[in-house]
Amino acid sequence: MTKRLILLALFGILYISESSAQENYGNALGNDRPAWIDKIYVGGGLGGFGISSDRVWVNLSGQVGYRITDKWNAGVGLTYQYFKWKEPINQSFNDYGLNFYTQYVIYKPFFAMAQYEILFLDTFEGRITEDRMLIGGGISQPMGGKGFVNLYALYNVLYKEGEDLRYDSPWVIGMNFGIGF
């Protein structure tokens, strides 16, 4: 009788531990990872590209962000830019940078955005550093359960006519996408 009670107790313990292992913790995949991981997203985008008679410009970026609330997110990104001046110099430049951004949904699907960017620009004399403080807004289109596509227009408040090495205008028009975990 004692052996049966011990076996029944062991079976009960194993059954309880097995059923608690199947518990859904409220995450998207129903596993036991922390809930904050569901708020992380990764993505990238095109900050713009252009081809004209005197230059070619391509901008690629990657980002990692965190949804602080349903309306507010922030993150960090990396940027690579390729510039080729066709005339009169026929020279190409490879630039890279780092940015920190935040977005706040004003009224779905519209958001306000601020981004601080540090660019390391290739020049004839070597590399220089250039800062940009971009402020503006955009529109976001959800894609599936955790994906999105953003279109935005930002204004560089640090832009100085004639002093900016790469841009003819303080306006930056771009698109990015992302997907959550």
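This part takes up the nonpolar core. Counting nine residues, the largest nonpolar core is built from Tyr41, Tyr101, Phe111, Met113, Leu134, Phe148, Tyr152, Leu154 and Val172. Elements with a contribution of two residues or more to this core: strand S5 (110-123) and strand S7 (147-156). Considering every element that reaches this core, the biggest residue donor is S7, with three residues. Setting aside its immediate chain neighbours within four residues, Met113 contacts Tyr101, Thr102, Gln103, Leu134, Ile135, Gly136, Gly137, Tyr152 and Leu154. Membership of the second largest hydrophobic core comes to eight residues, among which are Trp57, Phe83, Trp85 and Phe93.

Right, let's get into the pairing of S7. Bridge count between strand S6 (residues 126-143) and S7: 10 bridges; the pairing is antiparallel. Looking across to S7, one finds that Gly138 is bridged to Tyr152. Once S6 ends, the chain turns through three residues before running back antiparallel as S7, passing Gly144 with a positive phi of about 75°.

So, about the pattern of salt bridges. Throughout the structure, instances matching the rule amount to two salt bridges. The partner of Lys146 in a salt bridge is Asp38, and the shortest N-O contact between them spans 3.9 Å. Placement of Lys146 in the loop between S6 and S7 and of Asp38 in the loop between helix H1 (2-21) and strand S1 (40-51) is noted, with a sequence separation of 108 residues between them. Accessibility expressed as a relative area gives 25% for Lys146, which makes it partly exposed. Here Glu117 and Arg132 are joined by a salt bridge, their closest N and O atoms 2.5 Å apart. Residue Glu117 is found in strand S5, and its partner Arg132 is found in strand S6; the two are separated by 15 residues along the sequence. For the residue pair Glu117 and Arg132, the accessibility class agrees, reading buried in each case.

The next subject is the side chain of Gln115. Mapped onto the elements of the fold, Gln115 is located in strand S5. Beyond its immediate stretch of four places on either side in the chain, Gln115 contacts Asn99, Phe100, Tyr101, Arg132, Met133 and Leu134.

Scanning the entire structure with this criterion turns up five aromatic pairs. A centroid spacing of 5.7 Å and a plane angle of 15° characterise the contact between Trp57 and Phe83, whose relative ring orientation is stacked. Note that Trp57 is positioned in strand S2 (residues 55-67) and Phe83 in strand S3 (residues 72-85), a separation of 26 residues in sequence. According to the relative accessible area criterion, Trp57 is buried, its value standing at 18%. A relative accessible area of 1% means that Phe83 is categorised as buried. Where Phe93 meets Phe124, the ring centres are 5.4 Å apart and the plane angle is 75°; that geometry is what we call edge-to-face. Taken together, the positions of Phe93 in strand S4 (residues 91-107) and Phe124 in the loop between S5 and S6 put the pair 31 residues apart, joining distant regions of the chain.

We now examine empty space enclosed by the protein. The tally for this structure, following the rule as stated, stands at one cavity of 30 Å³ or more. One number sums up the size of the largest cavity: a volume of about 230 Å³. Considering the residues around the largest cavity, the lining is formed by 20 residues, among which Ser61, Asn99, Gln115, Glu117 and Tyr152 are closest to the centre. Of all the secondary-structure elements, those providing two or more residues to the lining of the largest cavity are S2, S3, S4, S5, S6, S7 and strand S8 (171-180). When residues of the lining of the largest cavity are assigned to their parent elements, the largest contribution, five residues, is made by S2.

About the thresholds
- Residues numbered from 1 in each chain as written.
- Predicted model: local features only at pLDDT ≥ 70, side-chain atom pairs only at ≥ 80, totals over all residues.
- Heavy atoms only, no water.
- Core = buried A, V, L, I, M, F, W, Y, C linked by side-chain atoms within 4.5 Å.
- Buried < 20%, exposed > 50% of the residue type's maximum accessible area, 1.4 Å probe, protein only.
- Helix = DSSP H or I, 4+ residues; strand = E, 2+ residues; numbered from the N terminus.
- Contact = heavy atoms within 4.5 Å.
- Pairing = 2+ DSSP bridges.
- Salt bridge = Lys/Arg side-chain N within 4 Å of Asp/Glu carboxyl O.
- Phe/Tyr/Trp six-rings, centres within 6.5 Å; stacked < 30°, edge-to-face > 60°.
- 1 Å grid on protein atoms, 1.4 Å probe; cavity = no way out; pocket = protein on both sides within 12 Å on 5 of 7 lines; lining within 4 Å.
- Points joined across faces, edges and corners; volume = space filled by probe spheres on them.

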